[in-house]
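# Structure assessment
This is what each chain is made of:
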Amino acid sequence: MSSCRKRCKREILKFAQYLFRLITGTLNADSVEDELELSAVRHRPEALELLEAQTRFSRKELQILYRGFKNECPSGVVNEDTFKEIYAQFFPQGDASTYAHFLFNAFDTDHNGSVSFEDFVMGLSILLRGTVQEKLNWAFNLYDINKDGYITKEEMLDIIKSIYDMMGKCTYPTLKEETPRQHVEIFFQKMDKNRDGVVTIDEFIDCCQNDENIMRSMQLFENVI
Amino acid sequence: MAAGVATWLPFARAAAVGWLPLAKKTMPKPPVDKKSRNDEILFVNVSGLRFQTWKNTLDRYPDTLLGSSEKEFFFNEDTQEYFFDRDPEMFRHILNFYRTGKLHYPRQECIQAFDEELAFYGIVPDIIGDCCMEEYRDRKKENQERLAEDTEAEMATDTPLPPHSTSRERLWRAFENPHTSTMALVFYYVTGFFIAVSVIANVVETVPCRPLKGSKKDLPCGEKYSLAFFCMDTACVLIFTFEYLMRLFAAPSRCKFMRSVMSVIDVVAIMPYYIGLVMPENEDVSGAFVTLRVFRVFRIFKFSRHSQGLRILGYTLKSCASELGFLLFSLTMAIIIFATVMFYAEKGTKGTNFTSIPASFWYTIVTMTTLGYGDMVPNTIAGKIFGSICSLSGVLVIALPVPVIVSNFSRIYHQNQRADKMRAQQKVRLARIRLAKKGTTNAFLQYKEEGGFQFRESDSALCLKNRSSFEHQHHHLLHCLEKTTNHEFTDELTFSEMCMTESVGYRTSRSTSISSQQGVTTSCCPRRAKRRAIRLANSTVSVSRGSVQELDTLQVHKTSAGPQSRSSLNARTEDLKLNCEDRDFTAAIISIPTPPANTPDESLPPSPAIPGILRNSRSSFTHETVKISSL
């Protein structure tokens, strides 16, 4: 009750001030507060030597990566919207935002809502220079949306739907409603060995290591940089 | 602490010798300075312009890019200098900041470019010196306002409706943006016409017409043709009521709508009529009722929906509220002062008009606004003197706030014009974006059909003509996505044609416009896929499909250039399995899932028989395996 009264008083005071200002004709003072809000985040990455030690990139590669990163995001961190925008430019036909969201969460290992250069480079290091085990681990982490160690059918369905979204609508053959669901079924048939409805990390890694195609294609993106 | 103070630190420390004789306890050990004291000159190359500075200068601000270890990322070993690919002109200001501790804003530069440079070098704009701070702030505010307008214009209601909009949303859209549909436009003009008719009727009603036969007095037309006017009034009010109710129904937020100015005007415009219907033909009450009719003139304000100029005027007055308030206040002050003075000056005169101070108000107002009716005139000398002072000061007081109001109006008017221009440019911009998107898709499709993925030694020069490595890699990425989902990209034309021929071929009555894509899923392509699958099962070696019936319009020639030619390129054997079960299911980014050739393998060699126009609209079918060249 007292808070209500306080609010009332504040409102009345504001109104009286407004009236007074109107009558005496004082011009609006420039609202000083908001203007130069320091663009909140300015992040500086670790030293080059440290990053060199922590990742599997050479000094030159790190330099190249950083220059590109800094060009896109001068403040030093990527937030989710920028990330989605950047990713969407590669898939003009479809809608890449959902998948970019999952991807962002996979890169943002400390879950603070922004991807710094360290996160970025660590992720890339795993993806490009890591062992097969590490890469599979990363993929599992990507699929496991709530990071509880199990991939459920719903999580997989979300991921697969987002991938299909990126195709857009002009595809051949046309995208049907049940295509993602079928895809999920196939995946679970293959991966879920003990038929308990979820895929654990061990099942996943085991299964992938036994699959020739997957193993071979893991080598594909080695020389992306 | 300010940067420059650091240079005086050694002096302060040396002067501490003066405390030594007085100290009560022994002095603590000094910190060991590990860093070498040598200062070195750093070379900074910004887009070719070479700057040189002391390392210490840059170290003054350790939380910026140049002052921290972050600049090591930009160190070029070969030339032993720091290379930045940025604007060299702006860098001059940045470096000056390090030297003098004050950041200056170059007036001729774009504020956004400047901001970006600051963000890149990690400098916070607060440090801008006082000399340039005001200019910076003003430009920034102006830019932000403009950006806000732009985003508003983008989200303007000119954007096409989302496909699943209810009738209510469509109705609201039609009301807010009449030029979106013909019906809305018609309604818009009809209401405008009736507003005009109603206002004119109100005016003409009071004009004296020729009197009835046998009567001398002139009658106002309203009473002579009362029935006609009543009918016209009824019609107008009916239309207005109908419009108001429709708007109320369609409004997304009814509370907000009812509080808006336009809705209040609408209500006020039609209320008198209804009150008049309800009220009895009572003599004394109808006196009050007649005054209610004056509110009918508010119908003229309904025109503001139709006229942008009126809206601008209204908005100007609203935004100049404080100036107007000041004008009013100062006028009131002056009126009271002068009225009092005139009253006491003219008090002695016999038969004077200045009977009281409030009565003198009228004289003061008329004089200050330089109207000068002459119904009240001072007679005494003192009165005349004060009267002249009154008229002179009136001119001054009124002339002062007027330019402010005028400049406000001009600013808002230009803003509006700019919004209109933005909206016109929006269409061009959207069209350009769509074109760019189509261009990418077409480039990709062309790339695929030229078999860009096949590492053909002989044709490599031809195939990779004019394509940057970026494009190659991008196409590779898109191809990976296709493989993941086992669907292919096509362009809109092919897609719509495909679905049209499908539905025509199978006599489905579904509409095939692109906007109804969601519906055209089940019947469109699965049957055809099955047909093709069946056909392939019967053909092992290359079958040239001269005329595929469904694809007549596309005139595609498909030859399944056999797997034989490809098998040499990749070790996997392809068995033409037709079930689509074994699809890929691994991480989309990393690996390319390669289905064991379940889809039919057809390549599309550029056959000259096909008319050139429809080349690009061909739908290319899945290549079954992907050989990854070292991209």
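Residues numbered from 1 in each chain as written. Chains lettered and ligands numbered in written order. Predicted model: local features only at pLDDT ≥ 70, side-chain atom pairs only at ≥ 80, totals over all residues. Heavy atoms only, no water.

### Concerning the overall build of chain B
On a plain count of helices and strands, chain B comes out with 22 helices and nine strands. Burial status across chain B gives 38% buried among its 631 residues. Within the structure as shown, chain B displays about 36,900 Å² of accessible surface, and the carbon and sulfur contribution to it stands at 63%. (Helix = DSSP H or I, 4+ residues; strand = E, 2+ residues; numbered from the N terminus. Buried < 20%, exposed > 50% of the residue type's maximum accessible area, 1.4 Å probe, protein only. Areas by Shrake-Rupley, 256 points an atom, 1.4 Å probe, with all protein chains shown as cover.)

### Quick look at the overall build of chain A
Counting its regular elements, chain A contains 12 helices and five strands. Per-residue burial for chain A yields a buried fraction of 42% across its 225 residues. Taking all contacts inside chain A whose residues are at least 6 apart in sequence as the whole, residues at least 24 apart take part in 58%. A total of about 12,100 Å² of accessible surface is found on chain A, and carbon and sulfur atoms cover 55% of it. (Contact = heavy atoms within 4.5 Å.)

### Quick look at unusual backbone geometry
Residues other than glycine predominantly adopt negative phi, and peptide bonds predominantly adopt the trans conformation. Here R195 of chain A, not a glycine, exhibits a phi torsion of approximately 55°, which is positive. Examined against the element boundaries, R195 of chain A turns out to sit in the loop between α10 (179-191) and β5 (198-200). Given a relative accessible area of 55%, R195 of chain A falls into the exposed group. One non-glycine residue, T370 of chain B, adopts positive backbone phi at about 55°.

### Thoughts on the UniProt feature "domain: EF-hand" (unreviewed entry) in chain A
Residue and element names in this part refer to chain A. In this structure's numbering, the residues bearing the UniProt feature "domain: EF-hand" (unreviewed entry) are residues 95-130, 131-166 and 179-214. Between the end C-alpha atoms of residues 131-166 there is a gap of 28 Å, over a span that is 72% helix and 8% strand. End-to-end, the C-alpha atoms of residues 179-214 are 21 Å apart, and along that stretch the chain is 72% helix and 8% strand. (UniProt positions renumbered as here; feature names shortened; annotations may be inferred.)

### Describing the pairing of strand β1 (residues 41-46) of chain B
All names here are of chain B. Bridging between β1 and strand β2 (residues 49-54) involves six bridges; their strand directions are antiparallel. Note that in β2 the partner of N45 across the bridge is R50. The turn joining β1 and β2, which pair antiparallel and follow one another in sequence, is formed by two residues; a positive phi near 50° is taken by S47. Sheet topology places β1 next to strand β4 (residues 81-84); three bridges connect them, and they run parallel. By the bridge assignment, N45 is partnered in β4 with F83. (Pairing = 2+ DSSP bridges.)

### A short note on the side chain of D119 of chain A
Residues and elements named next belong to chain A. With respect to the secondary-structure elements, D119 resides in helix α7 (residues 117-129). Buried charge D119 goes without a salt bridge, the closest partner of opposite sign being K147 at 13 Å. A distance of 3.5 Å separates polar atoms of two side chains, one belonging to D119 and the other to T109. In contact with D119, not counting residues within four places along its chain, are F107, D108, T109, D110 and S114. (Lys, Arg positive; Asp, Glu negative; His and termini not counted. Salt bridge = Lys/Arg side-chain N within 4 Å of Asp/Glu carboxyl O. Polar contact = N/O pair within 3.5 Å; in protein donor to acceptor, adjacent residues only side chain to side chain.)

### Some remarks on the packing of helix α8 (residues 132-143) of chain A against helix α11 (residues 201-210) of chain A
Residues and elements named next belong to chain A. Here α8 crosses α11 at 130°, and the two axes come no closer than 10 Å. Here α8 is positioned oblique relative to α11, judged by the angle of their axes. For α8 against α11, the interelement crossing comes out right-handed. Residues Q133, L136, N137, A139, F140 and Y143 of α8 pack against I201, F204, I205, C208 and Q209 of α11. (Axes fitted to C-alpha atoms, helices over the stretch in contact; angles between N-to-C directions. Parallel < 35°, antiparallel > 145°, perpendicular 65-115°, else oblique. Left-handed = near helix turned anticlockwise from the far one by under 90°.)

### Quick notes on the pattern of salt bridges
Pairing is possible between side chains of opposite charge, provided their charged atoms come close. Residues and elements named next belong to chain B. Applying the stated criterion across every chain, the model contains 22 salt bridges over all chains. Taking the shortest distance from any N to any O, the salt bridge between R86 and E117 comes out at 3.3 Å. Here E117 lies in helix α4 (residues 111-120) and R86 lies in the loop between β4 and α3 (88-100), a separation of 31 residues in the sequence. Assessed through its relative accessible area of 8%, E117 is described here as buried. The shortest N-O distance in the salt bridge between E135 and R139 comes to 3.7 Å. One end of the pair, E135, and the other, R139, are both in helix α5 (residues 130-154), four residues apart, so they sit about a helical turn from each other. Classification of E135 by relative accessible area gives partly exposed; the value is 24%. Sharing partners across several salt bridges, the network here consists of E243, R247, D266, K302 and R305.

### Topic: the sheet that holds β1 of chain B
Residues and elements named next belong to chain B. Pairing is mixed in the open sheet, where four strands are placed in the order β2-β1-β4-β3. Sheet topology places β2 and β3 (75-76) at the edges, where each strand pairs with a single neighbour. In terms of strand pairing, β3 meets β4 through two bridges, oriented antiparallel. When the bridges of β4 are listed, F75 appears paired with Y82.

### Comments concerning the packing of aromatic side chains
Residues and elements named next belong to chain B. Here the structure, examined in full by the defined rule, presents 48 aromatic pairs over all chains. Summarising the aromatic geometry, the rings of Y61 and Y98 are spaced 5.7 Å apart at their centres and angled 75° between planes, so their arrangement reads as edge-to-face. Placement of the pair is Y61 in the loop between α2 (55-59) and β3 and Y98 in helix α3, with a sequence separation of 37 residues. Across the pair, Y98 and Y61 agree in class, each one buried. Judged by centre distance (5.6 Å) and plane angle (45°), the rings of F298 and F301 are tilted. (Phe/Tyr/Trp six-rings, centres within 6.5 Å; stacked < 30°, edge-to-face > 60°.)

### So, helix α6 (residues 97-107) of chain A
Regarding α6 of chain A, the residues found buried are Y99, A100, F102, L103, F104, A106 and F107 of chain A. Tucked into the core, α6 of chain A has its buried residues touching β1 (77-79), α5 (80-88), β2 (114-116), α7, α8 and α9 (153-167) of chain A.

### Points about the nonpolar core
Soluble globular proteins: nonpolar side chains tend toward being buried together. The biggest cluster of nonpolar side chains holds 93 residues, and the ones touching the most others in it are F204 of chain A together with L66, F84 and F91 of chain B. It is α9 of chain A that provides the largest number of residues to this core, a total of eight residues. Ignoring any residue separated from it by four or fewer positions in sequence, one finds L66 of chain B in contact with L58, K71, F84, F91, I94, Y98 and Y121 of chain B. (Core = buried A, V, L, I, M, F, W, Y, C linked by side-chain atoms within 4.5 Å.)

### Thoughts on the confidence of the model for chain B
Any segment with low pLDDT has predicted coordinates that should not be analysed in fine detail. Residue and element names in this part refer to chain B. On average, chain B scores 73 in pLDDT, and the residues at 70 or more come to 70%. Considering each helix and strand of chain B separately, the mean pLDDT is smallest for strand β9 (residues 558-559), with a value of 36, and largest for helix α15 (residues 357-368), with 93. Here residues 455-463 is a poorly scored stretch, pLDDT under 50, and it has five contacts once near neighbours within four places are set aside; other chains count. A low-confidence stretch, residues 506-631 stays under pLDDT 50, and its non-local contacts, those more than four residues away or across chains, total 245 contacts. Per the prediction output, this complex has pTM 0.56; the corresponding ipTM is 0.78. (pLDDT = per-residue confidence, 0-100.)

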